[in-house]
Amino acid sequence: MPRKRSLTTDQLAAAALAVVDRDGLAMLTMRAVAQELNMGTMSLYRYVSDREQLERLVVELVLGGVDFTVPDLPTWQERIAALCERIRLAVHAHPAMVPLLLVHRHASPGVRRSGEAMLSVLAGAGFSGERRVIAFRALVSYLIGALQAEGLGPLSGAGTDVLATLGEQHPHLAETAVSARDVSPQREFGEGLALLLRGLTA
């Protein structure tokens, strides 16, 4: 029988994140995390009550090191882009946990801080009321989608190579896949976000 031991919140979060990174979000269970920590499942209940609490620990671990201070940059678009890039750098290595950013947006201090920072920039740029709602949700949608695309379907992946061979059936798709090989993740994210920001400006 594994002996009892004291665990820190960071240790619990790291074990839960290790399970998500290795096995996927669907495999995050109390039992899996207990095994990761080499302890009995019932012993884990001394620290967390359920899977939902484990999910929140994962979110806080990933976002915990992000600086959500609004940067002192010349334009609001540059300030938004800098905040989004900070989030991307923290999250891109953990694509399976990305859905948790939305699931726990109301309960996660990290997600709330990120939202407050972006909304303060939008407010300072003159966005208000429903227009600010739409702009904010557009940014969140882009951020979540881009992070999942980068992690689960990267342009440098094998899928791009397969699509590049389908010229006879899908010429435009194949041609685009060939070009996609030269687009880095940072460029894909940054230039895509720039397109969105130009649209919001218009």
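Please read these numbers as outputs of a predicted model, since none were measured by experiment.

Peer 1: What is the right way to look at the overall build of the protein chain in this model?
Peer 2: A tally of regular secondary structure across the protein chain gives 11 helices and zero strands. The N-to-C order of helical and strand elements in the protein chain reads α-α-α-α-α-α-α-α-α-α-α. Principal-axis analysis of the C-alpha atoms places the extent of the protein chain at approximately 60 × 50 × 25 Å. Classification of the 202 residues of the protein chain by burial places 38% in the buried group. Across the protein chain, contacts joining residues at least 24 apart in sequence account for 64% of those joining residues at least 6 apart. Of the roughly 11,300 Å² that the protein chain leaves accessible, carbon and sulfur atoms contribute 55%. Across the protein chain, the mean location of the 20 positive side-chain charges is 9 Å away from that of the 21 negative side-chain charges.

Peer 1: Is there a simple way to explain the UniProt feature "DNA-binding region" (unreviewed entry) in the protein chain in this structure?
Peer 2: Taking the numbering used here, the UniProt-annotated feature "DNA-binding region" (unreviewed entry) corresponds to residues 29-48. Taken end to end, residues 29-48 is 55% helix and 0% strand, and its two terminal C-alpha atoms sit 11 Å from one another.

Peer 1: Looking at this structure, I do not really get the packing of helix α8 (residues 129-152) against helix α11 (residues 185-201). What am I missing?
Peer 2: A pair of packed helices is captured by two measures, namely the crossing angle of their axes and the spacing between those axes. α11 packs onto α8 with a crossing angle of 165 degrees between their chain directions and a minimal axis gap of 11 Å. When the axes of α8 and α11 are compared, the pair comes out roughly antiparallel. The two elements α8 and α11 meet at a crossing, and its hand is right-handed. Contact with α8, carried on its side by R131, A135, A138, L139, Y142, L143, A146 and E150, involves P185, E188, F189, G192, L193, L196, L197 and L200 of α11 and no other residues of that element. Among the residues making up the contact of α8 with α11, the classes are represented as 12 nonpolar, one polar and three charged.

Peer 1: How do you make sense of the environment of L143 when you look at a structure like this?
Peer 2: In this structure, L143 sits in helix α8. Once the C-alpha coordinates of L143 and V98 are considered, the two residues, 45 residues apart in sequence, prove to be 9.7 Å apart.

Peer 1: Please clarify how the UniProt feature "domain: HTH tetR-type" (unreviewed entry) in the protein chain should be interpreted in this entry.
Peer 2: As annotated by UniProt and renumbered to match this structure, "domain: HTH tetR-type" (unreviewed entry) occupies residues 6-66. When the span residues 6-66 is considered, its composition is 64% helix and 0% strand, and the gap between its end C-alpha atoms is 27 Å.

Peer 1: What is the right way to look at the pattern of salt bridges in this model?
Peer 2: Side chains that carry opposite charge are capable of pairing whenever their charged atoms lie near each other. One pass over the full model with this rule turns up nine salt bridges. In this structure, the salt-bridge partner of R181 is D161, at a minimum N-O distance of 3.4 Å. Here the residue R181 occupies a position in the loop between α10 (171-180) and α11, and D161 occupies one in helix α9 (residues 158-163), the gap between them amounting to 20 residues. D161 sits in the partly exposed class, given a relative accessible area of 40%. In this structure, a network of salt bridges that share partners links the residues R22, D23 and E36.

Calculation rules
Residues numbered from 1 in each chain as written. Predicted model: local features only at pLDDT ≥ 70, side-chain atom pairs only at ≥ 80, totals over all residues. Heavy atoms only, no water. Helix = DSSP H or I, 4+ residues; strand = E, 2+ residues; numbered from the N terminus. Buried < 20%, exposed > 50% of the residue type's maximum accessible area, 1.4 Å probe, protein only. Contact = heavy atoms within 4.5 Å. Areas by Shrake-Rupley, 256 points an atom, 1.4 Å probe, with all protein chains shown as cover. Lys, Arg positive; Asp, Glu negative; His and termini not counted. Charge placed at Lys NZ, Arg CZ, Asp CG, Glu CD. UniProt positions renumbered as here; feature names shortened; annotations may be inferred. Axes fitted to C-alpha atoms, helices over the stretch in contact; angles between N-to-C directions. Parallel < 35°, antiparallel > 145°, perpendicular 65-115°, else oblique. Left-handed = near helix turned anticlockwise from the far one by under 90°. Nonpolar A, V, L, I, M, F, W, Y, C, P; charged D, E, K, R; others polar. Salt bridge = Lys/Arg side-chain N within 4 Å of Asp/Glu carboxyl O.

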